[in-house]
Amino acid sequence: MSPALIYTLLATLLITTLFLAWRIYTLKKRIHSLTEIIRSIDKEKLPQDLPFLEDLSNAIAALQKRLHAEIDEAKSEQGKLSSILEQIPDGILIASAENRVQFANPAAANLLAKDAKRMVGSTLSEALRHHEMIGVWQKAKKSGETHSEIIEIPRQQRFLQIIAIPDQYTPEEILLILQDLTHLRRLETVRRDFISNLSHELRTPLASLRALTETLQDGALDDPPAAQRFLSRIETEVDALTQMAQELLDLSRIESGQIELNLQNTTPQKILQHAAERMRMQAKRADVHLVLDCPNELPNIQADVARIEQVLVNLIHNGIKFTSSGGTVTLSAEASSRLIRFAVSDSGIGIPTDDLPRIFERFYKADPSRRSGGTGLGLSISKHLIEAHGGKIWAESREGKGSTFYFELPKSNR
């Protein structure tokens, strides 16, 4: 073989080797570039100019698009779930297998009087801090079954239902649901009070009416003076039944918004004087002093005079009823910058501290008053009427030291 041919073959081999090396280098460079692009897939789009890897590029671009769509959908669902959990009135807690709080929504923090952010990561015992709640959680964790219980929280005056639900895949992880049943319990109490009070109040006049009627039928009609006394007592009992029916009707109309106020300008002193005159004879019969203490120069108020007098008469009636012979019921009023404050004070038996927060509830009657007549609607009706005027009503009392009922009404703009 001639030297020229050998040189030619060597040159060809060298050129081929260099070309292959260059092609391998450029291919490695493109693969490295593509690798970096894949690693930063969420930062930039995949290029479409890879002639040797076009199918791979298209597949990765489709994967990128689908991945972003799934991420966006997951974020949207997570946002919806977070919004629901934040707005739902029930408390939601998730406890890990290590007995630590993984999640707590705002309602749970509110019901447990805690800070939601501080609850996460704390032990469940620290978060609940109530042995009965902790007991429900422990039962669910031990048995792997759902447990629930209604628990009273005396310090908060609340009734909570706690439901512990183990995770079906990891029973050691527990979902806790806290439901506030306080309002429902109060409604149930109101219902019981209503049935108890009304049945008692109806039984007494109905029994009297039956006895009076039987007495008349047995011959009292032949004795005109006796018959007249019995008829007068029948009339009194019928009036009591009519008053009960009227109070129930009034409360129903007020709570359904069917009552209209006939507003007019008047003076506080005028309203107090009219109410005092209406109750003067009752106070005299009970040997209770009725005192009016109201300055003449108070500003006018705009009110439904009949309705405000109804409130005052009810408060005065209660004051007389629970004040011993020789005691005093005082009516007064004073002005502040924007309001007129009315007060009805008595020197009576007072209201027990535990009963004071509930006296304006429908059908509620404090223990001392259960021995007396009435449906327990008067104060509830008074509260609705005052609030309908844009005012507020409350009471202050010490047992054995008397009570004072206050209500405020806005001054007239005219």
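None of these values were measured; they are calculated from a predicted model.

Asks: Requested: an account of the nonpolar core, with residues and values cited.
Replies: Residues L290, I308, L312, I316, F342, F405 and F407 are the most contacted members of the largest nonpolar core, which totals 41 residues. When residues in this core are grouped by element, the largest group, eight residues, is from helix α10 (residues 305-321). In this structure, L312 is in contact with I271, L272, A275, V344 and F407, ignoring residues within four places of it in sequence. Ranked by size, the runner-up nonpolar core spans 25 residues in total, among them L93, A104, L124 and L160.

Asks: I'd like a description of the pairing of strand β12 (residues 403-410), backed by residues and values.
Replies: Burial analysis of β12 places seven of its eight residues in the buried class, the great majority of the element. The pairing of strand β10 (residues 339-346) with β12 spans eight bridges and is antiparallel. Its bridge partner lying in β12, D346 is registered against S403. In terms of strand pairing, strand β11 (residues 392-397) meets β12 through six bridges, oriented antiparallel. Residue W394 lies in a different strand from β12, and its bridge partner there is Y406.

Asks: Can you explain the pairing of strand β2 (residues 101-104)? Please cite residues and give values.
Replies: Relative to β2, strand β1 (residues 91-95) is paired through three bridges, and the arrangement is antiparallel. Bridge pairing links I94 to F103 in β2.

Quick notes on the rules
Residues numbered from 1 in each chain as written. Predicted model: local features only at pLDDT ≥ 70, side-chain atom pairs only at ≥ 80, totals over all residues. Heavy atoms only, no water. Core = buried A, V, L, I, M, F, W, Y, C linked by side-chain atoms within 4.5 Å. Buried < 20%, exposed > 50% of the residue type's maximum accessible area, 1.4 Å probe, protein only. Helix = DSSP H or I, 4+ residues; strand = E, 2+ residues; numbered from the N terminus. Contact = heavy atoms within 4.5 Å. Pairing = 2+ DSSP bridges.

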